[in-house]
Amino acid sequence: MRPHRAYSPGLTGVLSLRESRHLLEVLRAQVGDRFTVFDAEREALAEVVDLGPPVRYRLLEERRPEREVGVEVVLYMALLKGDKLAEVVRGATELGVTRVQPLITRHTVPKEMGEGKLRRLEAIAVEAAKQSGRLRVPEVLPPIPLRAVPPVAHGLLAHVGAGRRVGEVLDPGKPLALAVGPEGGFAEDEVEFLQERGFIPVTLGRRILRAETAALALLALCTAGEGR
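Residues numbered from 1 in each chain as written. Predicted model: local features only at pLDDT ≥ 70, side-chain atom pairs only at ≥ 80, totals over all residues. Heavy atoms only, no water.

1. Regarding the side chain of T36
Then, number 1: As for its position among the elements, T36 is in strand β2 (residues 34-38).
Then, number 2: The residues contacting T36, other than those within four sequence positions of it, are H4, R5, A6, E43, A44 and R63. (Helix = DSSP H or I, 4+ residues; strand = E, 2+ residues; numbered from the N terminus. Contact = heavy atoms within 4.5 Å.)

2. Re the sheet that holds strand β4 (residues 56-63)
Neighbouring strands of a sheet are bound in pairs by backbone hydrogen bonds; such pairs are parallel or else antiparallel.
Then, number 1: One open sheet holds the 4 strands; their spatial order is β1-β2-β3-β4, and the pairing between them is mixed. Since the sheet does not close on itself, it has two edges, and those belong to β1 (5-7) and β4, each with one partner. Across the sheet, the axes of successive neighbouring strands diverge by a mean angle of 40°, strand direction being ignored.
Then, number 2: The sheet contact formed by strand β3 (residues 43-50) and β4 spans 7 bridges and is antiparallel. (Pairing = 2+ DSSP bridges. Axes fitted to C-alpha atoms, helices over the stretch in contact; angles between N-to-C directions.)

3. Here's the deal with the nonpolar core
Then, number 1: Judged by nonpolar contacts, the single largest core of 40 residues is most densely connected at L75, M77, L156 and L178.
Then, number 2: Elements represented by at least two residues in this core include exactly β5 (73-78), α2 (84-94), α3 (115-132), β9 (155-158), α4 (166-169), β10 (176-180) and α6 (211-223).
Then, number 3: Leave out the neighbours within four places in its chain, and M77 touches L85, V88, Q101, P102, L103, V180, G181, A211 and A215.
Then, number 4: Among the nonpolar cores identified, the runner-up in size contains 14 residues, and Y76, L103, L146 and A179 belong to it. (Core = buried A, V, L, I, M, F, W, Y, C linked by side-chain atoms within 4.5 Å. Buried < 20%, exposed > 50% of the residue type's maximum accessible area, 1.4 Å probe, protein only.)

4. Notes on the pairing of β5
Then, number 1: Within β5, 6 of the 6 residues are buried, leaving the element largely enclosed by the surrounding structure.
Then, number 2: Burial of the side chains of β5 extends over both faces: V73, L75 and M77 are buried on one face and V74, Y76 and A78 on the other.
Then, number 3: The sheet contact formed by β5 and β10 spans 5 bridges and is parallel. Of the residues in β10, the one forming a bridge with V73 is L176.
Then, number 4: Summarising the sheet, β5 and strand β6 (residues 99-104) pair through 5 bridges and their orientation is parallel. Bridge pairing in β6 places V74 opposite R99.
Then, number 5: Handedness of the crossover joining β5 and β6 through α2: right-handed. (Right-handed = clockwise from strand over helix to strand, strands pointing away.)

5. Remarks on the environment of Q131
Then, number 1: Examined against the element boundaries, Q131 turns out to sit in helix α3.
Then, number 2: A C-alpha to C-alpha distance of 14 Å links Q131 and E68, two positions 63 residues apart in sequence.

Encoded structure:
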């Protein structure tokens, strides 16, 4: 069986039915095959001992790799049309986000998100964490109105026309909150509200970026390079 990472909270020795199906139906696992299991704090080399389902395993060698950013990174992301939010969740997980909080804003076209879509986004976060070698799977929360965003100690807001760059205001040692608007951007009064909540408007360059591109660009500028 080729190398594989399975998400197993608590490293209990038993995989979820979802993870079991992948091992059995896609990877054709057999008793004695080895793979990696992980949860929010650790990972370990494991060996299949019972095909079940669910698949049961035993731990062989525990590891504690350092692959997290080092501080909490929350992404406040406006709801987007179609499947664009899935792209954001996948990329944001790879870039080290801790939590994704969808927002309902004045210019968002979808004004709600069904339970099925939320579950799908959670599954995408798990798969992206597995692929990228992360231990922590980001939370993906139900959407809230923009006015429900709490005050933050250190926040950055992607905003066309902002005068400051990320590197000028980013404090690498502080937990970070990032805010990105929908396809039509935040309304001016929404920008003012977020500033009152502690977000600093920053530019992402001279070009107009799609909302999903802006989210990942802002995250990359804040987390890539592990310069924290």
